[in-house]
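Residue-level structure breakdown
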Amino acid sequence: MVELFNYQFFVNAMIAAVFTSITCGFIGTYIVSRRIVFISGGISHASFGGVGIGYYLGIDPIIGAAVFSVFSAIGIEAFARKSELRRDSLIGIMWSLGMAIGIMFIAITPGYTANLMTYLFGNILTVRVFNLYLLAGLTAIIILFFILLFKEILFVSFDESYSRTQGIPVTFINFVLISLVALTIVFNIRIVGIILVISLLTIPQATANLITKNFRHLIVLSCAFGLLSSISGLFLSYLFNVPSGATIIFFSILIFFAVKGITALNTHLKVKQRVG
């Protein structure tokens, strides 16, 4: 296994796994706490519109997806506050619109039609240095934002109404966080793909939630479980030549059930000791 580190593409993949675990650990904890997982699913599929526009304009599809996703996320948040449409309806509309736009622009793009499997299902072994720079910058922004406004983010995550009474800029924090959700989804598309990225934002958090309810600890454990599943999935992907996105999510689920079993056994033993 050590000889794999002689290959630059594998080193890039390992670095990407670290950044992915951190970004999804922080942002995933927020969206699970806010119970807005469905929004993340809508944004991830809407980003396909940006991928199609990027191909048509001849720019990096990830950049196109980032711009499209941020505007989609902000649009959902803004319309949900001002219109009579329900949030889930808006998400469904944006989800469908993004996929439709992506398919149309890819269809009318002249020349060779790109292989979209990487964007749909991900391949961490194809991560480029450019993607690492994007992930590194996003990681720094997320960590800094959470450090500076941790208490405010915590209040907004669990009780938005109370946060407003305390003078917390709820609207500003919501718009910034929903934009970071969009960027986290898009910049990790290369890792697990549009279809599976939502899993990396929820499964490690669900696993961490089996152990602790503390918001700060949830973030740390989510990052740790995400890193473990990413690295394990990376090695499995390379050894068996299967899509990395699927293997990463597969390991995430294995870890979840392992922790679930351990915690259930621990609870059973404690109950048995009390009864005895």
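Structure report, in brief. Since this is a predicted model, take the numbers as computed values, not measurements. (Residues numbered from 1 in each chain as written. Predicted model: local features only at pLDDT ≥ 70, side-chain atom pairs only at ≥ 80, totals over all residues. Heavy atoms only, no water.)

1. What about the overall build of the protein?
Our working definition: Here a helix means four or more residues in a row that DSSP labels H or I, a strand means two or more in a row labelled E, and each is numbered from the N terminus. Only C-alpha atoms enter the radius of gyration, while the globule expectation follows 2.2 Å times N to the 0.38, with N the number of residues. Partly exposed residues are those whose accessible area sits between 20% and 50% of the maximum for their type, while under 20% is buried and over 50% is exposed, using a 1.4 Å probe and protein chains only.
Across its full length, the protein carries 13 helices and zero strands. For the protein, whose C-alpha radius of gyration is 20 Å, the value lies close to the compact-globule estimate of 19 Å for 276 residues. Reported as C-alpha extents along the three principal axes, the dimensions of the protein are approximately 75 × 55 × 30 Å. In the protein, which comprises 276 residues, the proportion classed as buried is 50%.

2. Remarks on unusual backbone geometry
In this structure, arginine 35 is a non-glycine residue whose phi angle is positive, near 60 degrees. When you line up the elements, arginine 35 lands in the loop between α1 (8–34) and α2 (37–57). Judged by its relative accessible area of 76%, arginine 35 falls in the exposed class. The phi torsion at asparagine 241 lies on the positive side, around 55 degrees, for a residue other than glycine. Relative to the helices and strands, asparagine 241 is located in the loop between α12 (215–240) and α13 (244–275). Judged by relative accessible area, asparagine 241 falls into the exposed class, the value being 72%.

3. Points about the packing of α1 against helix α9 (residues 170–187)
Quick reminder of the rule: The angle between two axes is taken between their N-to-C directions and runs from 0 to 180 degrees, where each axis is a line fitted to C-alpha atoms and a helix contributes only its stretch in contact. Small angles under 35 degrees read as roughly parallel and large ones over 145 as roughly antiparallel, with 65 to 115 read as roughly perpendicular and the rest as oblique. For any helix crossing, the convention is left-handed if the near helix is rotated counterclockwise from the far helix by under a right angle, and right-handed if that rotation is clockwise. Contacts are assigned to residue pairs with any non-hydrogen atoms lying within 4.5 Å of each other. Three categories are distinguished: nonpolar for Ala, Val, Leu, Ile, Met, Phe, Trp, Tyr, Cys and Pro, charged for Asp, Glu, Lys and Arg, and polar for the others, with Gly belonging to the last.
The geometry of α1 relative to α9 is characterised by a closest axis approach of 10 Å and an angle of 125 degrees between their N-to-C directions. Relative to α9, the element α1 is oriented oblique. Regarding α1 and α9, the two cross each other, and that crossing is left-handed. Where α1 abuts α9, its residues Thr23, Cys24, Ile27, Tyr30, Ile31 and Arg34 lie against Asn174, Leu177, Leu180, Val181 and Thr184. Split by residue class, the contact of α1 with α9 holds seven nonpolar, three polar and one charged.

4. Some points on the packing of α2 against helix α3 (residues 61–82)
Remark: α2 packs on α3, axes separated minimally by 7 Å, with the N-to-C direction vectors making an angle of 135 degrees. Taken together, the axis directions place α2 and α3 in an arrangement best described as oblique. Here α2 runs over α3; the crossing is right-handed. Contacts between α2 and α3 involve Ile43, Ala46, Ser47, Gly49, Gly50, Val51, Ile53, Gly54 and Tyr55 on the former and, on the latter, Pro61, Gly64, Ala65, Phe68, Ser69, Ser72 and Ala73.

5. A few points about the nonpolar core
Under the convention used in this document: The criterion is simple. A nonpolar core is a set of buried Ala, Val, Leu, Ile, Met, Phe, Trp, Tyr and Cys residues joined through side-chain atoms within 4.5 Å.
In terms of nonpolar packing, the biggest core is built from 71 residues, with Ile124 and Phe146 touching the most fellow members. No other element matches α1, which puts eleven residues into this core. Every residue in contact with phenylalanine 146, bar those within four places of it in the chain, is listed here: Phe26, Ile27, Tyr30, Ile153, Leu177, Phe215 and Ile219. Of all hydrophobic cores here, the second largest spans five residues; its members include Ala208, Phe225, Ile255 and Val259.

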